[in-house]
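# Working through the structure, step by step
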Amino acid sequence: MNKKNVLVFPGGSEIGLEVNRSLSASTHFNLFGASSVIDHGKYVYKEYISNLPFIHESAFIEELNKVLLEYKIDFIVPAHDSVVVELSEKQSLLKALVITSNYETCLICRSKKLTSEIFRNTIPVPQMYSLSDKINYPVFLKQNIGQGSRGTHKVQSKEEIDFFLKRILHC
């Protein structure tokens, strides 16, 4: 049986490290870690490629495809939320299969607003306001795109919303 070559990108993210822990002893896969920066993945993966361009750089797809061909990669496991969306969108340009859902599904899952809209009539979702709405304070601010608790704030007034929006949007 031929082992399949799997590239985990970024290999040093928490998800990338979990994929390594899950599959590194598999008899079915050869794991390769890759990243745009040198990170902990360098010490975890037996095969590690560093200094790929960042996903939004114009050379990213071309450089990634060079890696995919050079190492005969069969599958890519995206190991960061933004990478999932980017690689699902660019699947047709890539020389390996991205292990993820289709682009539309990835986009919905990455957006709190789109996810809430999909489930609004099915399950309880948080109330979302626009800035023109009458808001009953306090409210919880959270960026539409992001993970964990980054950019979250409990606010008590319109002035606090304005303050945090300026801070987030750097206006």
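Criteria and cut-off values
- Residues numbered from 1 in each chain as written.
- Predicted model: local features only at pLDDT ≥ 70, side-chain atom pairs only at ≥ 80, totals over all residues.
- Heavy atoms only, no water.
- Pairing = 2+ DSSP bridges.
- Helix = DSSP H or I, 4+ residues; strand = E, 2+ residues; numbered from the N terminus.
- Contact = heavy atoms within 4.5 Å.
- Axes fitted to C-alpha atoms, helices over the stretch in contact; angles between N-to-C directions.
- Buried < 20%, exposed > 50% of the residue type's maximum accessible area, 1.4 Å probe, protein only.
- Arc of directions from axis to C-beta.

Take the sheet that holds strand E2 (residues 29-34) next. Strands sit in the order E3-E2-E1-E4-E5 across an open sheet of five strands; the sheet is parallel. Unpaired on one side and paired on the other, strand E3 (47-49) and strand E5 (97-98) mark the two borders of the sheet. Alignment of strand E1 (residues 4-9) against strand E4 (residues 75-78), held across four bridges, turns out to be parallel. By the bridge assignment for E4, Leu7 is matched with Ile76. With respect to the sheet, helix H3 (residues 60-70) is in contact with E1, E3 and E4, its orientation differing from that of E1 by roughly 150°. Strands in contact with helix H4 (residues 81-89) are E1, E4 and E5; relative to E4, the strand with the most contacts, it is inclined by about 140°.

Note that Asn20 resides in helix H1 (residues 14-23). For Asn20, a relative accessible area of 8% corresponds to the buried category. Beyond its immediate chain neighbours, meaning those up to four positions away, Asn20 contacts Leu31, Val44 and Tyr45.

Looking now at H3. Helical geometry note: an α-helix holds 3.6 residues per turn, so side chains three or four residues apart project in the same direction. For H3, the full list of buried residues reads Phe60, Ile61, Leu64, Asn65, Val67 and Leu68. Buried residues of H3, seen end-on, are gathered within an arc of 160° and therefore sit on one face of the element. Relative to its buried face, H3 has exposed residues pointing more than 90 degrees away, namely Glu62, Leu69 and Glu70. Contacts from the buried residues of H3 go to E1, E3, E4 and H4.

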